[in-house]
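Structural features, examined
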Amino acid sequence: MNEIALLNWARGPGLDIAVAVFLLGTLWRLIEIISLGRKKDLSAPRHKPGASGWHTIARRSVAPPGMLKRSPISYIGGYVFHVGLALIVFFYAQHIKLIESLIGLSWPALPSQLIDLVTVITLAAMVLVLVDRINKPVKRYLSTFEDYFTWAVTFLPILTGYLAVKHLLLPYTTMLALHILSVELLLVVLPFTKLFHVFTAFMSRWYNGNANAHKGVSV
Amino acid sequence: MAIQNDVDFKNALNALSVDQQRALAVSFTDSVIALCDDARVAGAVSAARRPDISDIELAALYQAARTASVESYTQCGKETDWAIQAGHFVANAAMACVAPASKQANLAWDAAMQARMARTCETISSGEGTTNREVDHQYRLLEQYQNQ
Amino acid sequence: MSASLDKGVNVLKEMIDAPIASYFNSCVHCGLCAEACLFYTETGDPKYTPIHKLEPLRRIYTQEYTLLGKLAKMVGLSKPVTDDELEEWQELVYNSCTLCARCSLVCPVGNDLVYMIRKFREGMAVSGHAPEGLIGATTRAVEIGSPMGIRLPAVQAQMKHVQEDTGIEIPLDREGAEYMVLLSSMEIINFPEYLGAIAKIMKQAGKTWTLCSTAFEATNSGIQIGVGDIAKVLVNRIVEGAERLKVKTVISPECGHAYTALRWDGANLVGRPFSFEVLHILEVLDGFREQGLLKTEGFEEARVTFHDPCQLVRRGGVMEQPRSLLNMVAKDFVEMDDPAKYNWCCGGGGGVSANEDAEELRLQAFQVKKRQLEKTGAETLVTACANCRIVMEEGLEHYQLDIPVVGLTETLAEHLVEAED
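Residues numbered from 1 in each chain as written. Chains lettered and ligands numbered in written order. Predicted model: local features only at pLDDT ≥ 70, side-chain atom pairs only at ≥ 80, totals over all residues.

**A look at the overall build of chain B**
A count of helices and strands for chain B gives seven helices and zero strands. Put simply, chain B runs from its N terminus to its C terminus through helices and strands in the order α-α-α-α-α-α-α. In terms of overall dimensions, chain B is globule-like: its C-alpha atoms have a radius of gyration of 15 Å, near the 15 Å expected for 148 residues. Counting every position in chain B, which comprises 148 residues, the buried fraction comes to 49%. The contacts in chain B between residues at least 6 apart in sequence include a share of 69% that link residues at least 24 apart. (Helix = DSSP H or I, 4+ residues; strand = E, 2+ residues; numbered from the N terminus. Rg over C-alpha atoms; globule rule 2.2 N^0.38 Å. Buried ≥ 20, exposed ≤ 12 C-beta atoms within 10 Å, placed from the backbone. Contact = placed C-beta atoms within 7 Å.)

**Considerations on the overall build of chain A**
In terms of helices and strands, chain A carries nine helices and zero strands. Listing the helices and strands of chain A from first to last along the sequence gives α-α-α-α-α-α-α-α-α. In terms of its C-alpha atoms, chain A occupies a principal-axis envelope of roughly 65 × 40 × 35 Å. Evaluated residue by residue, chain A yields a buried proportion of 33% over its 219 residues. The long-range share in chain A, meaning contacts at least 24 apart out of those at least 6 apart in sequence, stands at 73%.

**Quick look at the interface of chain B and chain C**
Taken together, the contacts link 21 residues of chain B with 30 residues of chain C. Going through the elements one at a time, α1 (6-14), α4 (55-71) and α6 (107-125) of chain B are the ones with two or more residues in the side of chain B that touches chain C. For the side of chain B that touches chain C, the leading source of residues is α6(B), giving five residues.

**With respect to the nonpolar core**
Nonpolar side chains in soluble globular proteins generally cluster together in the buried interior. Within the largest apolar cluster, 206 residues are counted, with the highest numbers of intra-cluster contacts made by A65(B), V90(B), A93(B), A94(B) and C97(B). Once you skip the residues sitting within four places of it in the chain, V90(B) turns out to touch T29(B), V32(B), I33(B), L35(B), C36(B), V41(B) and A118(B). Ranked by size, the runner-up nonpolar core spans 16 residues in total, among them A164(A), A177(A), I180(A) and V183(A). (Core = buried A, V, L, I, M, F, W, Y, C linked by C-beta atoms within 7 Å.)

**Concerning the sheet that holds strand β6 (residues 380-383) of chain C**
Residue and element names in this part refer to chain C. The three strands lie next to each other as β5-β6-β7, forming an open sheet whose pairing is parallel. Looking at the sheet topology across the chains shown, the edges are occupied by β5 (304-307) and β7 (405-407). The sheet shows a mean angle of 35° between the axes of neighbouring strands, taken without regard to direction. Summarising the sheet, β6 and β7 pair through three bridges and their orientation is parallel. Within the sheet, the bridge partner assigned to V382 lies in β7 and is V406. (Pairing = 2+ DSSP bridges. Axes fitted to C-alpha atoms, helices over the stretch in contact; angles between N-to-C directions.)

**Looking at the interface of chain A and chain C**
Counting residues at the interface gives 45 residues for chain A and 47 residues for chain C. Elements with a minimum of two residues in the side of chain A that touches chain C: α1 (3-34), α6 (137-142) and α9 (197-213) of chain A. Examining the composition of the side of chain A that touches chain C, we find that nine residues originate from one element, α9(A), more than from any other.

**A look at the pairing of strand β3 (residues 249-252) of chain C**
The two faces of a sheet get side chains in turn, since along a regular strand they alternate between them. All names here are of chain C. Relative to β3, strand β1 (residues 179-181) runs parallel, the two being bridged by three bridges. Bridge assignment links V181 to a residue of β3, and that residue is I251. Relative to strand β4 (residues 277-280), β3 is paired through four bridges, and the arrangement is parallel. Each residue of the ladder has a partner; that of S252, found in β4, is H280. Note on the crossover from β3 through helix α16 (residues 256-270) to β4: the handedness is right-handed. (Right-handed = clockwise from strand over helix to strand, strands pointing away.)

**Regarding the packing of helix α3 (residues 39-48) of chain B against α4(B)**
All names here are of chain B. At a closest axis distance of 8 Å, the pairing of α3 and α4 adopts a crossing angle of 150°. The orientation of α3 with respect to α4, classified from their angle, is roughly antiparallel. Taken as a pair, α3 and α4 cross one another with a handedness that is left-handed. On the side of α3, the interface is formed by R40, V41, A44 and A47, while α4 contributes E57, L61, A64, A65, T67 and A68. Partitioned by chemical class, the residues of the contact of α3 with α4 number seven nonpolar, one polar and two charged. (Parallel < 35°, antiparallel > 145°, perpendicular 65-115°, else oblique. Left-handed = near helix turned anticlockwise from the far one by under 90°. Nonpolar A, V, L, I, M, F, W, Y, C, P; charged D, E, K, R; others polar.)

**Describing the sheet that holds strand β2 (residues 209-210) of chain C**
Residues and elements named next belong to chain C. Taken in spatial order, the four strands line up as β2-β1-β3-β4 in an open sheet, and their pairing is parallel. The sheet is open, and its two edges are formed by β2 and β4, each paired on a single side. Running over the sheet, helix α17 (residues 281-290) touches β3 and β4 and is turned about 90° from β4.

**Looking at unusual backbone geometry**
All names here are of chain C. If you check the backbone angles, A101 has positive phi at about 75° while not being a glycine. With respect to the helices, strands and loops of the structure, A101 is situated in the loop between α7 (83-95) and α8 (102-106). Residue Q400 is not a glycine yet carries a positive backbone phi of 55°. According to the C-beta neighbour criterion, Q400 is exposed, with 8 such atoms within 10 Å.

**Comments concerning the packing of helix α2 (residues 18-32) of chain B against α6(B)**
All names here are of chain B. The N-to-C vectors of α2 and α6 enclose an angle of 10°; their axes lie 8 Å apart at closest approach. When the interaxial angle is binned, α2 and α6 end up roughly parallel. When α2 is examined against α6, the residues V18, Q21, R22, L24, A25, F28, T29, S31 and V32 are found in contact with a partner set consisting of L107, A108, A111, A112, A115, A118 and R119. Residues of the contact of α2 with α6, tallied by class, amount to 11 nonpolar, three polar and two charged.

**What about the arrangement of the chains?**
Sorting the two pairs of chains in contact by contact count puts chains A and C at the top. At no point do chain A and chain B touch; the closest pair of C-alpha atoms across them sits 25 Å apart.

**Observations regarding the environment of K207(C)**
Within the secondary structure, K207(C) is located in the loop between α13 (192-205) and β2. Those residues in contact with K207(C), other than ones at most four positions away along the chain, are E178(C), Y179(C) and M202(C).

**Observations regarding α2(B)**
All names here are of chain B. Under the 1.5 Å per step criterion, the end-to-end length of α2 is 22 Å for 15 residues, consistent within 8% with the ideal 21 Å. Within α2, the full set of buried residues consists of Q21, R22, L24, A25, V26, S27, F28, T29, S31 and V32. Tucked inside the fold, the buried residues of α2 contact α1, α3, α5 (82-97), α6 and α7 (134-147). (Expected span 1.5 Å × (residues − 1).)

**Some thoughts on the environment of S69(B)**
Summarising the element assignment, S69(B) is placed in helix α4. Excluding residues within four positions of it along the chain, S69(B) makes contact with H88(B), A91(B), N92(B) and M95(B).

Dropping the structure here:
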């Protein structure tokens, strides 16, 4: 198959399949989790302002006292690549065009040189967190194939996207096809790996915050 | 003066000087000393008998008695061995014997209370139940001391 | 699979709910939970990472409740949980976890790991993998009424002793009293001063109270070992006693886990809301303070600091009260770094102090508390849990630190304005 055919497939059927698997998979997994249910807490509740599941969703994004210096790369590296990824996905002009073609919404893009810089920083941050995962005894101990696989699956779209935009490594058409395929891979595995934390982290924070708010403790 | 209740007992003890309290603390503790087999505890009590004991010696003995006390606590969830627990309270009584003087505490009263707990533990342990004559015994000890 | 393992695994399947599923699906293996756990920070051994302590439960979850997990199991691609594995996990779940919940506080994706460990213990217990000491305590609690083997006569002996010491009558089974006071076995055995303090304070505040002959024990070993049925029996005794004596409020003593067990787990164990209020003694005392019923005089001369019992503060929500109360009688009160809900565990809660196998680890973990204490320069350590007290005294003794540990209720009682009789 030549590179044009590959690109067409990636943009067409490939994307359709990937998005379908992503949406249906996400729905399925959310149902799988929520349908297990939760028993009502019959103890008399306390009411404390600032304590609720919603507050915890926001609050957990901040490092608790003393934790930042115990594991700075976890927090700093983590923040940088998450924010970087969001900026690239949602504020790169071509991505906004794609979203517009899919759902009709659009918004102003960030200058492409800024996105370039953000991309490089994001890639660096991702390498940093990988190195930290291999280096730190606890992370290394906990890590399984899935952790490295999902890292690669997240890293590849960013890398291939950058290479495509910069016309590096391979001809543009091929690079673009690879970029789209790598995104499709990410979409397909997201609901079935730890990447699903994209959704469940907010649920977990809510459950935790809600249960503790019942006791009047803001977590 | 006959001591018939704890109000009399406490008032009489409060009227004593620190040295006198210490002497009585020792005799209250002596009454239960057999319930404890820790040498540090026995050592503290017998040293406290000396009227010329220095503050430094008291401090060292207090440390030793406290270690004995801490080591003999019953841990949360462990089955209570009342005989060992008796020893724990004897150690506490010994601490009172060698404690530094303080405005807020009466050494003799503290020792008396700990000695009573020790005796109660002993009688629980031996199956005799929880009533015992330690209180009366302490009243008689005080009366004897006053009549000297 | 042996009958026990089977039962254990079945129990674990029942324990899993939506929050637990969400938690397992959120974990990204960042390892931050380890950095919050004193058993990891003081030993450097990654096996003590909190989420790792839950690995068997995670596998049961995926194999039972996820499509991919079930498929993998069907084609023989999944690793079943074995008896040997649970045996290996006993140390992680019972020796190196006090249910302190610092991990639940710091997990960036919001996992409540302690919630999961408590449920995991249910399966461990049923499969026969709970520590000897805890099994003994639980058996005694059910059969005798106290995990440490205390019967009513021992309680009555202490009552008598306290009556002599304070000159105040200790009521037993007084119907219609406002407060029913529970004790923990620890206090009955080791700290009779606590009951004396209650008596003095209640007298000054002019409140009616009583002990209950069929429900004097507050602690709940069923919770610690993780057997809900037993925990339910123990709570029911208290409910029955409180309802029989028609009290308004049941007071939980200076014990961390007793409070959690009764105040937060109790109603859920017996399956209905309580008809009476449950308060920790410090909540009661702080209430008295606010109403002007608690009159104290004088101040502690030494510099004091406060150790927050995990189950009372971080897990119980009684955070400000100890401070308001301590400030009444201490002029030089210094907070530890990482105070209140961030405070570090004494290392002995959740059944760990009753577990002889865990002693060495516990003493090693204590170093974090030792450092906190040294930094404050405090000469007295105040706390509000009898177990924390003894665990810390032992720890301080082990590291040759000469700092007395005292209970807050007792300290307040020492400063009560003497009533004119």
